[in-house]
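Read off the chains here:
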Amino acid sequence: MAETFISERNLKFLLYEVFTITDLTGYPYYEDHSQEVFDMVLDAAMKLSKDLLLPVFEEMDKNQPEFVDGQIKVHPRVGEFMRAAGEGGWINANYSYDAGGQQLPLTVTLAAHFIFSAANYSASVYPLLTSGAARLIESFGTEEMKEKYFARMFSGEWQGTMAMTEPQAGSSLSDITTLAEPTDNGYYNMKGQKIFISAADHDGVDNVIHLMLAKIKDAPPGVRGISLFVVPKQRIDENGKLEFNDVHVSGIYHKLGYRGSPIVQLSLGDNGDCRGYLVGEPHKGLTYMFQLMNEARIDVGLGAAAIASAAYYAALEYTRVRPQGRRLTDKDPTLPQVPIIEHADVKRMLLFQRSIIEGSLSLLFQCSQYADYEKVLTGEERKRYSLLLDLLTPVAKSYPSEMAILSVSQGLQCLGGYGYCDEFPLEQYYRDVRIHPIHEGTTGIHGITLLGRNITMQKGRAYKVYLEEVHKTIQSAGEYPALQSQTRELGEALDVLNDVTQHLVGFAQEGKVGLFLADSTLYLELFGIICVAWQWLKQAITIRKALEHNLSGAEADFYNGKNYAFRYFFDYELPKISGLAKTLKKSSGITLAMTDHLFTD
Amino acid sequence: MNIVACVKQVPDTEALIKVKPDGSGIEEGGIKWVMNPYDEFGVEEALKLKEKLGGEVTVVSVGPARTMETIRTALAMGAEKGIHIDDPALYNADAYTTANALAAAIKEIPYDIIFCGQRAIDGDMGQVGSILAELLDIPQCTIVTKLDVGDGKATAVKPIEGAQLVLETSLPCVITAQKGLNEPRYASLPGIMKAKKKPVDVKNAAALGISVEPKAKIEKMTPPPARPPGKIIEGEDPAAKAAEVIRLLREEAKVI
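A quick note: this is a predicted structure, and the numbers were derived from the prediction, not measured.

### Observations concerning the overall build of chain A
Alright, step 1. For chain A, the count of helices and strands is 19 helices and twelve strands.
Alright, step 2. Rg of the C-alpha trace for chain A: 25 Å, near the compact-globule value of 25 Å for 601 residues, within the 12% margin.
Alright, step 3. By its C-alpha atoms, chain A is 80 × 65 × 60 Å across when sized along the principal axes.
Alright, step 4. Taken over 601 residues, chain A has a buried fraction of 58%.

Laid out in C-alpha cells, this is it:
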C-alpha cells in the first residue's frame, strides 16, 4: 500500500500561501497561535495517522463491526484512537479555552481532519462525531450538561452522535415521530426508533451520548415541532453512577464501504425508561441541529477530497512502476516497455484527480476561513462572511462528494484490472467514497437548498456578495499576463451563471416552483464547477507569484506541477458548464412531465 | 531529578534522499525533518522518569535553525526547557565534535541522567552517546531496552546476541535508548501550545568555548550502485525453467 496519502506541501501552500491563515493570529482570539504551532499540529496529525490509522485501513474494512449480544463490536483500534484523540486534545481542538479547547482555527483543524480522513476515513469519524455532538451542548445546552458530559466526551471515553434519521423520515425530517413526553422530574420520557446513526453504539467507548431530534407530545406539526435532546445510552444517576437508559441497539447495517464505522438502528424506551434532557428551547431543535450539520457538511466534503487524495497517491505510485506499451513515436517492438505514466491518457487521468482534489480542498479552506473570520469580526464584515459561508456550504459539501467518486474511479482506472481487485486499495477507496453524496443531506437536497433558498435569500444578497468575491480574484489575476485566458474564461463563466440564475429565478417569480427547482441538482453542478474554477484562479495567482522567483529542485517542481493542474481544470473541466447551461436554459420540464407508470417498461 | 535528553533532527525515513552532485552531502530541499526515532525513545524515558521521581527534563540539540522544530516537539511532549547549539561550523559535525558540543552545554547545567538515542538514522554512527559519557567522565549503558532508576543508581537491560545483560551503574550516567524501551507519546495540542512558551537557550561554539575542529571528515558521498535489473525466465515447462534457474545461480551469480 502507498505510504503517501496526502501532500503536506500542498496543505501548507493552501494554508500559508493562498489563505495566509497566520493573519488570524493578529486577532486576540487566535493570538497564541503561530505558523510554528500550526506546523506542529500538522506533524502531530501525520504521526497519529501513520502510526494508528493507516496500518488498519484495510483491516477495518475486512473486519467490519458486528452486532453481538446486544452490543456493537468494533475494531480494537477504534478505542485506542478515541483515547489518543482525547489525550491529544483533538476532540475539542477548536473549542474555546473556557471549554478546555485550544482555540485552534477551523482551517487548521480541517487540515488535520483531512490528514486523518485520508489515512483511514472510517476511523477518523469517531472523534469528529463526538466533537460535533459536544458542540451542540456547548452552544445550546445548560452548564450542568457541560459539566456532566464534556470531560468524558473530550477525553474520548464517551462517544457523541447526532441522531436524526428515522425509518420514515430521512431527507424529510419534519416527519420524525420519536416522542418526548414531559415529566415533572426535569426530563422527558423518550420513545421511538432511529436508523442510520453513525457510531451510535460500540465497545470502543464506555458510553454514548446521543444528540437526538424528537417531538414533544402535542408539538405543532412539521419542522416547527422538532426539539433537541441529550439522550445518553447510560445516564448518570444521583450518585454519579452510570445506569442503563433504555437505549437499545436493534440492528446494524452492512454497507458498501466506509465499513469501519457502524451505522446503527436504535430503539428508545422499550421498557418505558428512556430519559431525554431538552437542549435549549422546545421546538427549536432543527435550527440548532443545522448549526452542527453545516459544520459537518464541510467535513463531509473534506472526507471525500481526502479519500480521493489517498486514491490519487496510490494510483500515482502504480503508474510510475507499471510498464505497459511504448511511446506512440517508438515503432520498435523490441524496445523495453515504458511506465504507463508516460502515456498522455494516463497523465490526463492523474491531472483530472489533482484538479478535483486540490480545487475542492481550496474551496473547503475558503469556507473554513470564512468561519474563522466570522468568529473574530463584527458588524457588516462579519455578516458578509456569514452570508458567504451559508451560500457556499452546499457547494463545498456536494462538489467534492460527487467529484471525488469520479476522481477515485479514474484512480482505479489507472491500475486497470488490478484496480478492480482487493490486492490494491483502490477498490476500497471507491466503495468508501460513495457515501458522501448521501450523508449530511443528499446532493438533491443541497441543490434545492442552493437554488431554492440560498440564491434568493435576502433578495439575492449572498449571491451578490459571492459575485463580488469572484470578481476580486478576477481583478487580481488580471495583473498577470500568463493568466489572461483563464481570467477571461472565468469572467465568461460568471456571465453564464448569471444568465442561468436569472432564467431560473424567473420561474420562481412567476410562481412556477416545479420548473424553478426541477433541475436544481444540475444548477448545483454548474455552480460548483465555476466555484472551483474561482478557487483554481486564486491558487494560480499564488503560483505565479512563486514562479517569479528563481526556483529550483523540488520547489520548482511543486509550482510547475500545480500550474498544470490549474490549466487542466480550465481546459477540461470548466468547459463542461456549456452543456449544463444549455440544459438548464431549455427547462424542458420532462422530469416534471414523466409519470410513475411510464417508467414500468 | 535533573534529566537531560539529547535529540537530533534527521530526514524523515520516507524522504527521498539525493546526494549533491559534488558529493559534499545530501540535497536538503523538499526534505521533511523529524526527531531521530531512537532519540524519541530517550525523550519518552526521560519524561517517564520525571513523572515517577519528579524533577525536570532539558532537551539539548545541535543543528541549524530548523532544529528548533525538533526541540519544540520534545517540549510539546512534556520536556521543560531546551538548549539549541546553533553554529554553522557544527552543522555537519562528526560524532566527536557533536558530543563535545553537547558535553560543553550539559556541563553548564545540573544533570543526574542523560538520554541519547543509540544511533541516529541519518549518519548511522552510533558514537555520540558513548563519546559524551567519556567527555563527562561518567558511566554509560548503551542500547538499553529496559531501565529502572532509584536509590541513586540505574539498572539497565541491554540485549546481546542470544542473551541480555543486566547492567547496574551509579548516577549520573548516559543511557542510549534502543527500540523496545518504551512507546513514545504523541505531542498533544495543549502540549504544543505550552511548548511555544517554554524557554530555549540558543548558544554557539564561542559561547560554549569549544573547538569545532573535526576528528573525522566526510570526503565524499556517493549513492549505492543501482541494482541490476531482474531476469524473468520464459518458458512453458517448469522443470526446464527450474534447471535454467540453477544454471544461472551456478554460472552467473556463482552462489551455488
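Once the structure has been displayed, the description carries forward.
### What to know about the overall build of chain B
Alright, step 1. When you go through chain B residue by residue, the secondary structure sums to seven helices and twelve strands.
Alright, step 2. Considered along the principal axes of its C-alpha atoms, chain B spans approximately 70 × 45 × 40 Å.
Alright, step 3. For chain B, with 256 residues in total, the buried portion stands at 44%.
Alright, step 4. Across chain B, every contact between residues at least 6 apart in sequence was considered, and the portion connecting residues at least 24 apart equals 71%.
Alright, step 5. Surface exposure of chain B reaches about 13600 Å², of which carbon and sulfur atoms provide 53%.

### Here's the deal with the interface of chain B and chain A
Alright, step 1. Across the boundary between the two partners, chain B contributes 19 residues, which contact 27 residues of chain A.
Alright, step 2. Surface buried jointly by chain B and chain A totals about 1800 Å² across both partners, of which 61% is contributed by carbon and sulfur atoms.
Alright, step 3. When the buried surface of chain B facing chain A is broken down by residue, Tyr186(B), Leu189(B) and Met193(B) rank first, second and third, together holding 37% of it.
Alright, step 4. One can count six salt bridges joining chain B with chain A.
Alright, step 5. Across the pair Lys50(A) and Glu14(B) runs a salt bridge whose closest N-O atoms are separated by 3.3 Å.
Alright, step 6. Inspection of the chain B/chain A interface yields six residue pairs in polar contact (both at pLDDT 80 or more).

### Section: unusual backbone geometry
Across residues other than glycine, the phi torsion is negative in most instances, and most of the peptide bonds are trans.
Alright, step 1. The omega angle of the peptide bond from Leu171(B) to Pro172(B) is -5°, so this bond is cis rather than trans.
Alright, step 2. As for its position among the elements, Pro172(B) is in the loop between strand S10 (163-170) and strand S11 (173-177).
Alright, step 3. Notably, Asp69(A) is not glycine yet its phi reads approximately 50°, a positive angle.
Alright, step 4. Residue classification places Asp69(A) among the exposed residues on the basis of a relative accessible area of 79%.

### Points about the pattern of salt bridges
Opposite charge on two side chains permits them to pair, given that their charged atoms come into close proximity.
All names here are of chain A.
Alright, step 1. Applying the stated criterion across every chain, the model contains 51 salt bridges over all chains.
Alright, step 2. A salt bridge links Glu-166 to Lys-194; its shortest N-O distance comes to 2.8 Å. A residue pair is termed long-range when its members are at least 10 positions apart, and Glu-166 in the loop between strand S3 (158-163) and strand S4 (179-182) and Lys-194 in strand S5 (residues 188-198) qualify at 28 residues.
Alright, step 3. Assessed through its relative accessible area of 0%, Lys-194 is described here as buried.

### Side note on the domain arrangement of chain B
Alright, step 1. Here chain B is partitioned into domain 1 (2-208) and domain 2 (226-256).
Alright, step 2. One C-alpha centre belongs to domain 1 of chain B, the other to domain 2 of chain B, and the line joining them spans 48 Å.

### Details of the packing of aromatic side chains
Alright, step 1. Enumeration according to the criterion identifies 29 aromatic pairs over all chains in this entry.
Alright, step 2. Consider the rings of Tyr95(A) and Phe150(A), whose centres lie 6.3 Å apart with planes at 90°: the pair is edge-to-face. A residue pair is termed long-range when its members are at least 10 positions apart, and Tyr95(A) in the loop between helix H4 (76-87) and helix H5 (106-119) and Phe150(A) in helix H7 (residues 143-154) qualify at 55 residues. There is no split in this pair, since Tyr95(A) and Phe150(A) are both buried.
Alright, step 3. Residues Phe150(A) and Phe154(A) carry aromatic rings whose centres are separated by 4.7 Å and whose planes lie at 45° to one another, so their mutual orientation is tilted. With Phe150(A) and Phe154(A) both in helix H7 and four residues apart, this pair spans about one turn of that helix.
Alright, step 4. In textbook terms, an aromatic cluster arises when at least three aromatic residues are bridged by ring pairs, as seen for Tyr27(A), Tyr370(A), Tyr373(A) and Tyr385(A).
Alright, step 5. Above the face of the Trp33(B) ring, Arg66(B) is positioned so that its terminal group lies 3.5 Å from the ring centre.

### Observations concerning the sheet that holds strand S4 (residues 56-62) of chain B
Residue and element names in this part refer to chain B.
Alright, step 1. Strand order in the open sheet formed by seven strands is S7-S11-S6-S1-S4-S5-S12, with parallel pairing between adjacent strands. Strands with a single pairing partner mark the edges of an open sheet, and in this sheet they are strand S7 (140-144) and strand S12 (200-203). The mean inter-strand angle of the sheet, taken between neighbouring strand axes irrespective of direction, is 20°.
Alright, step 2. The sheet contact formed by strand S5 (residues 81-85) and S12 spans four bridges and is parallel. Within the sheet, the bridge partner assigned to Ile-85 lies in S12 and is Lys-203.

### Remarks on a nonpolar patch on the surface
Alright, step 1. Side chains of Val245(B), Ile246(B), Leu249(B), Val255(B) and Ile256(B) sit close together on the surface and give an oily, nonpolar patch of about 420 Å² of accessible area.
Alright, step 2. For Ile246(B), a relative accessible area of 40% puts it in the partly exposed group.

### What to know about the sheet that holds S10(B)
All names here are of chain B.
Alright, step 1. Spatially, the three strands line up as an open sheet ordered S8-S9-S10, and their pairing is antiparallel. Single-partner strands in this sheet number two, and they are strand S8 (146-150) and S10. Strand-to-strand twist in this sheet, taken as the mean axis angle between neighbours without regard to direction, amounts to 15°.
Alright, step 2. Across five bridges, S8 lies against strand S9 (residues 153-160) in antiparallel orientation. Residue pairing for S9: Leu-147 is matched across the bridge by Ala-156.

### Concerning the nonpolar core
In a soluble, globular protein the nonpolar side chains are often hidden away together inside.
Alright, step 1. Within the largest apolar cluster, 245 residues are counted, with the highest numbers of intra-cluster contacts made by Trp90(A), Tyr149(A), Tyr466(A), Tyr523(A), Leu526(A), Phe527(A) and Leu147(B).
Alright, step 2. With residues up to four places along the chain from it excluded, the contact list for Tyr523(A) reads Leu450(A), Leu451(A), Ile455(A), Tyr463(A), Leu497(A), Val500(A), Thr501(A), Leu504(A) and Leu584(A).
Alright, step 3. Residues Leu90(B), Ala95(B), Leu132(B) and Val174(B) belong to the second largest nonpolar core, which totals 27 residues.

### Concerning the pairing of S8(B)
Alright, step 1. On S8(B), burial follows the alternation: Leu147(B) and Val149(B) on one face are buried, whereas Lys146(B), Asp148(B) and Gly150(B) on the facing-out side are not.
Alright, step 2. In sequence, S8(B) turns back onto S9(B) through a hairpin of two residues, with Asp151(B) there showing a positive phi of about 50°.

### Observations concerning the environment of Ile448(A)
All names here are of chain A.
Alright, step 1. Structurally, Ile-448 can be placed in helix H12 (residues 443-454).
Alright, step 2. Considering only alpha carbons, one finds Ile-448 and Phe-516, 68 residues apart in sequence, at a separation of 9.5 Å.
Alright, step 3. Other than its neighbours up to four places away in sequence, Ile-448 contacts Arg-453, Leu-517 and Ser-520.

### Observations regarding the pairing of S5(B)
Residues and elements named next belong to chain B.
Alright, step 1. Within S5, four of the five residues are buried, which leaves it mostly tucked inside the rest of the structure.
Alright, step 2. Inspection of the sheet shows S4 paired to S5 by five bridges, in the parallel sense. Within S5, the position partnered with Ser-61 by the bridge is His-84.
Alright, step 3. This β-α-β element, S4 to helix H2 (residues 67-77) to S5, shows right-handed connectivity.

### Topic: the packing of helix H6 (residues 121-140) of chain A against helix H8 (residues 285-321) of chain A
Helix-helix packing: each pair is described by the crossing angle between the helix axes and the interaxial distance.
Residues and elements named next belong to chain A.
Alright, step 1. Remark: H6 packs on H8, axes separated minimally by 10 Å, with the N-to-C direction vectors making an angle of 160°. As judged from the angle between their axes, H6 and H8 are roughly antiparallel. Crossing hand, H6 versus H8: right-handed. Note on element contacts: H8 touches H6 through Tyr-288, Met-289, Gln-291, Leu-292, Glu-295, Asp-299, Gly-303 and Ile-307, opposite Tyr-121, Leu-128, Gly-132, Ala-133, Arg-135, Leu-136, Ser-139 and Phe-140.
Alright, step 2. Here the residues of the contact of H6 with H8 sort into nine nonpolar, four polar and three charged.

What counts, and at which threshold
Residues numbered from 1 in each chain as written. Chains lettered and ligands numbered in written order. Predicted model: local features only at pLDDT ≥ 70, side-chain atom pairs only at ≥ 80, totals over all residues. Heavy atoms only, no water. Helix = DSSP H or I, 4+ residues; strand = E, 2+ residues; numbered from the N terminus. Rg over C-alpha atoms; globule rule 2.2 N^0.38 Å. Buried < 20%, exposed > 50% of the residue type's maximum accessible area, 1.4 Å probe, protein only. Contact = heavy atoms within 4.5 Å. Areas by Shrake-Rupley, 256 points an atom, 1.4 Å probe, with all protein chains shown as cover. Buried area = accessible area lost by both parts, 1.4 Å probe. Salt bridge = Lys/Arg side-chain N within 4 Å of Asp/Glu carboxyl O. Polar contact = N/O pair within 3.5 Å; in protein donor to acceptor, adjacent residues only side chain to side chain. Domains from an automatic or database assignment. Phe/Tyr/Trp six-rings, centres within 6.5 Å; stacked < 30°, edge-to-face > 60°. Lys NZ or Arg CZ within 6 Å of the ring centre and 35° of its normal. Pairing = 2+ DSSP bridges. Axes fitted to C-alpha atoms, helices over the stretch in contact; angles between N-to-C directions. Patch = residues over 30% accessible without salt bridge, like charges linked within 9 Å, V, L, I, M, F, W, Y side chains within 5 Å. Core = buried A, V, L, I, M, F, W, Y, C linked by side-chain atoms within 4.5 Å. Right-handed = clockwise from strand over helix to strand, strands pointing away. Parallel < 35°, antiparallel > 145°, perpendicular 65-115°, else oblique. Left-handed = near helix turned anticlockwise from the far one by under 90°. Nonpolar A, V, L, I, M, F, W, Y, C, P; charged D, E, K, R; others polar.

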